Structure formats: structure tokens, C-alpha cells
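# Fold and contact review
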Amino acid sequence: MKGFEQLRELQTFSKQFPSDLNALDQVLSWFGELHPSSIETKLWLQCKLALAEGYTNAVKYAHKDLPPSVSIEVEVILGQSPQRLEIRVWDCGAPFDFERRLRTPSSLPADQAEGGRGLAIMQKIADKLSYTRMDDNRNCLMIVKFY
């Protein structure tokens, strides 16, 4: 029954947010309320930055041609065995070639680039970073951090 024990050790939190950059404060505030004492503050803040980048990318790129009423779902999963934090950002936009984008980051210097650094930031923070098109026509950006 080891698999069953691991299921009980997972805590899942999920919330939908407006597809609006003005809602980023709400997203980060909600995430901040979930901070367990078992995760050091420095690591939590790094994950908060990764979430901010993921949510911002979903609003600016995935939902750019969608009405603001189409929400973005954020899911946080805390696991105890192994100790891991999973952040999932679900959007309804068109998929893009995630692997290609990771291989070809913006060539502009950081002070001139309007965007394009979010994926690099998330990749640096995450122990695992993935992007998957789901059967329900949503995209899932998954950020995993072990602690």
C-alpha cells in the first residue's frame, strides 16, 4: 500500500484567475498563503518568481487573442515523499514549440529585451520544467522543485 500512502501525502490547491496582468498580485498573494514551514523561504520565493513568470507568459502570449473572461488555472501540489513542490499553470491558448523556445532564447541583451527571459528564469529555478498540450485543448506548464 505504499502508493496509497504517497497519495495521502500530497496536498493539492487550485484556483482560477482572470487572464489579466493586473491579477498577478492576486496570484502571488494566494501562493504566499500556501507557504508551508517545511520549505525554506528562499526556495519558496524562487518558486514564487517562477510562478510569476509562468502566469505572465500565459496572459501575454497564450491568451493574447482570447477574451479576458477566459481564465488561467494555477495548481500547486505539495508532496512529502519525495519532498517536492509542483506548480502547474493551465492556459487555453494555442500551443507553441516549448523545446525549441528553450533552445533559442532571446538574443537581445537583458537591458534591451522586452520579454523572452521568463522561460530561462523558470528553467534555472526548476528541477523539472515541462509544457504539455492536453486532450482538453489546454496547455499545462509544470514547474517542479525538490527540497
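What comes next is a walk through the structure.

Basis of the calculations
- Residues numbered from 1 in each chain as written.
- Predicted model: local features only at pLDDT ≥ 70, side-chain atom pairs only at ≥ 80, totals over all residues.
- Heavy atoms only, no water.
- Salt bridge = Lys/Arg side-chain N within 4 Å of Asp/Glu carboxyl O.
- Buried < 20%, exposed > 50% of the residue type's maximum accessible area, 1.4 Å probe, protein only.
- Pairing = 2+ DSSP bridges.
- Helix = DSSP H or I, 4+ residues; strand = E, 2+ residues; numbered from the N terminus.
- Axes fitted to C-alpha atoms, helices over the stretch in contact; angles between N-to-C directions.
- Contact = heavy atoms within 4.5 Å.
- Parallel < 35°, antiparallel > 145°, perpendicular 65-115°, else oblique.
- Left-handed = near helix turned anticlockwise from the far one by under 90°.
- Nonpolar A, V, L, I, M, F, W, Y, C, P; charged D, E, K, R; others polar.
- Polar contact = N/O pair within 3.5 Å; in protein donor to acceptor, adjacent residues only side chain to side chain.

### What to know about the pattern of salt bridges
According to the stated counting rule, one finds six salt bridges in the structure shown. The salt bridge involving arginine 88 is made with glutamate 86; its shortest N-O contact spans 2.5 Å. Judged by its relative accessible area of 8%, glutamate 86 falls in the buried class. Each of Glu75, Arg84, Glu86 and Arg88 takes part in one network of salt bridges that share partners.

### Considerations on the sheet that holds strand 1 (residues 11–17)
Reading across the sheet, the five strands line up as 1-2-3-5-4 and stay open at both edges, with antiparallel pairing between neighbours. The strands lining the two open edges of the sheet, one partner per strand, are strand 1 and strand 4 (128–133). Taking each pair of neighbouring strands and ignoring which way they run, the sheet shows an average axis angle of 15°. Sheet analysis places strand 4 next to strand 5 (residues 139–146), joined by six bridges and oriented antiparallel. Counted as the bridge partner of lysine 128 is valine 144 from strand 5. On top of the sheet, helix 2 (residues 24–33) reaches strand 1, strand 2 (72–80) and strand 3 (83–91); it is set at about 165° to strand 1, its chief contact.

### A look at the pairing of strand 2
Among the nine residues that make up strand 2, eight are buried, leaving the element largely enclosed by the rest of the structure. Bridge count between strand 1 and strand 2: seven bridges; the pairing is antiparallel. If you follow serine 14 over to strand 2, its bridge partner there is glutamate 75. Pairing analysis gives eight bridges linking strand 2 to strand 3, with the strands arranged antiparallel. In the strand pairing of strand 3, glutamine 80 is matched with glutamine 83. Hairpin connection, strand 2 to strand 3: the antiparallel pair is bridged by two residues.

### Re the packing of helix 2 against helix 3 (residues 41–62)
It is the contact of helix 2 with helix 3, at a shortest axis distance of 10 Å, that shows an interaxial angle of 150°. With respect to helix 3, the element helix 2 is oriented roughly antiparallel. In the packing of helix 2 onto helix 3, the handedness of the crossing is right-handed. Across the interface between the two elements, Leu24, Val27, Leu28, Phe31 and Gly32 from helix 2 touch Trp44, Cys47, Lys48, Leu51, Ala52, Tyr55 and Thr56 from helix 3. Looking at the contact of helix 2 with helix 3, its residues break down into nine nonpolar, two polar and one charged.

### Description of the side chain of serine 19
Looking at where serine 19 falls in the secondary structure, it is placed in the loop between strand 1 and helix 2. Owing to a relative accessible area of 10%, serine 19 belongs among the buried residues under this scheme. Within the structure, the side chain of serine 19 is placed 2.9 Å from the side chain of histidine 63, a separation counted as a polar contact. Excluding residues that lie within four positions of it along the chain, serine 19 makes contacts with Tyr55, Val59, His63, Pro68, Val70, Ser71 and Ile72.

### Overview of the environment of threonine 132
For threonine 132, the position within the fold is in strand 4. Exposure remark for threonine 132: the relative accessible area of 36% places this residue in the partly exposed category. Setting aside chain neighbours within four positions, we find threonine 132 in contact with Arg138, Asn139 and Cys140.

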